[in-house]
Amino acid sequence: MNLNKFSKENITIAFYTIFILIAGACYELFPGDAKTPNIGVLLLYLFVPISLVYFMAHLVKQIYGDQSYVKCLLIHGVVWLSVAVILSTFVK
């Protein structure tokens, strides 16, 4: 599959959309409780380091590369803020 026909912004949005949908589906399909959390919770914990590595890769490309990755960096920020707001509404 040739990813050159997709823009870097679309790939970033698709990554987050697919990751969050898979985590949500795993959370709903494989029930767990407080003592044994399911794979959806594990994916949520993995979301932070994976997205930070992806953000750092875009940041390095922005600093040292010849293309602009500002929109990708903004997408990362919006997704992190959205996830934080959504999770804070579930806590209440």
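Located above this text is the structure these notes cover.
Residues numbered from 1 in each chain as written. Predicted model: local features only at pLDDT ≥ 70, side-chain atom pairs only at ≥ 80, totals over all residues. Heavy atoms only, no water.

Caption draft 1: Structural context of the pattern of salt bridges. Applying the stated criterion to the full structure yields one salt bridge. We note a salt bridge from lysine 8 to glutamate 9, for which the minimum N-O separation is 4.0 Å. (Salt bridge = Lys/Arg side-chain N within 4 Å of Asp/Glu carboxyl O.)

Caption draft 2: Spatial organisation of the packing of aromatic side chains. All chains considered together, the criterion is met by seven aromatic pairs. Between phenylalanine 15 and tyrosine 54, the ring centres sit 5.0 Å apart and the planes meet at 65°, which makes this aromatic pair edge-to-face. With phenylalanine 15 in helix 1 (residues 8-29) and tyrosine 54 in helix 2 (residues 39-64), this residue pair connects regions lying 39 residues apart in the sequence. Joined through ring pairs, the aromatic side chains of Phe15, Tyr16, Phe19, Phe47 and Tyr54 make up one cluster. One cation-aromatic arrangement involves lysine 8 over tyrosine 69; the distance from NZ or CZ to the ring centre is 5.3 Å. (Phe/Tyr/Trp six-rings, centres within 6.5 Å; stacked < 30°, edge-to-face > 60°. Helix = DSSP H or I, 4+ residues; strand = E, 2+ residues; numbered from the N terminus. Lys NZ or Arg CZ within 6 Å of the ring centre and 35° of its normal.)

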